[in-house]
Amino acid sequence: KGKAGENGKLFGSITSMDISESLKKDFKLDIDKKKIHLPEAIKSLGETKVELRLYPGVTATVKINVVQE
């Protein structure tokens, strides 16, 4: 969740650390923020696909849905 203006642009951004904390809180998954491949911080509401690099050669893709607080 994030605070956003009327045009859907966030005040601030969603980082790999925010995603890591949310996965731990909501799903009890302890994924290190360094294993979350996020080319740049998320700066708008909506869905974004993010790659998790769990082990060498093992990746997973998750959808991150950023909603208004």
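The rules behind each value
Residues numbered from 1 in each chain as written. Predicted model: local features only at pLDDT ≥ 70, side-chain atom pairs only at ≥ 80, totals over all residues. Heavy atoms only, no water. Core = buried A, V, L, I, M, F, W, Y, C linked by side-chain atoms within 4.5 Å. Buried < 20%, exposed > 50% of the residue type's maximum accessible area, 1.4 Å probe, protein only. Helix = DSSP H or I, 4+ residues; strand = E, 2+ residues; numbered from the N terminus. Contact = heavy atoms within 4.5 Å. Pairing = 2+ DSSP bridges. 1 Å grid on protein atoms, 1.4 Å probe; cavity = no way out; pocket = protein on both sides within 12 Å on 5 of 7 lines; lining within 4 Å. Points joined across faces, edges and corners; volume = space filled by probe spheres on them.

(A) Fine view of the nonpolar core. Ranked by internal contacts, the top residues of the largest apolar core, which has 13 residues, are I14, I19, I36, I42, V50, I64 and V66. Elements supplying a minimum of two residues to this core: β1 (9-14), α1 (16-27), β4 (46-55) and β5 (58-66). If sequence neighbours within four positions are ignored, I64 has contacts with I19, I42, G46, E47, T48 and V50.

(B) Region of the structure containing the sheet that holds strand β2 (residues 36-37). On the basis of which strands lie adjacent, the open sheet formed by 3 strands has the order β2-β4-β5 and antiparallel pairing. Each edge of the sheet is formed by a strand with only one pairing partner; in this case those strands are β2 and β5. In the sheet, β2 pairs with β4 via 2 bridges, with the strands oriented antiparallel. Bridge pairing in β4 links I36 to L52.

(C) Just the layout of surface pockets, in detail. In this structure, the largest pocket encloses a volume near 560 Å³. Forming the walls of the largest pocket are 22 residues, and the residues nearest its centre are K1, D18, S22, D26 and N65. Looking at the lining of the largest pocket, the elements with two or more residues in it are β1, α1 and β5. The dominant element in the lining of the largest pocket, judged by the number of residues it contributes, is α1, at 8 residues.

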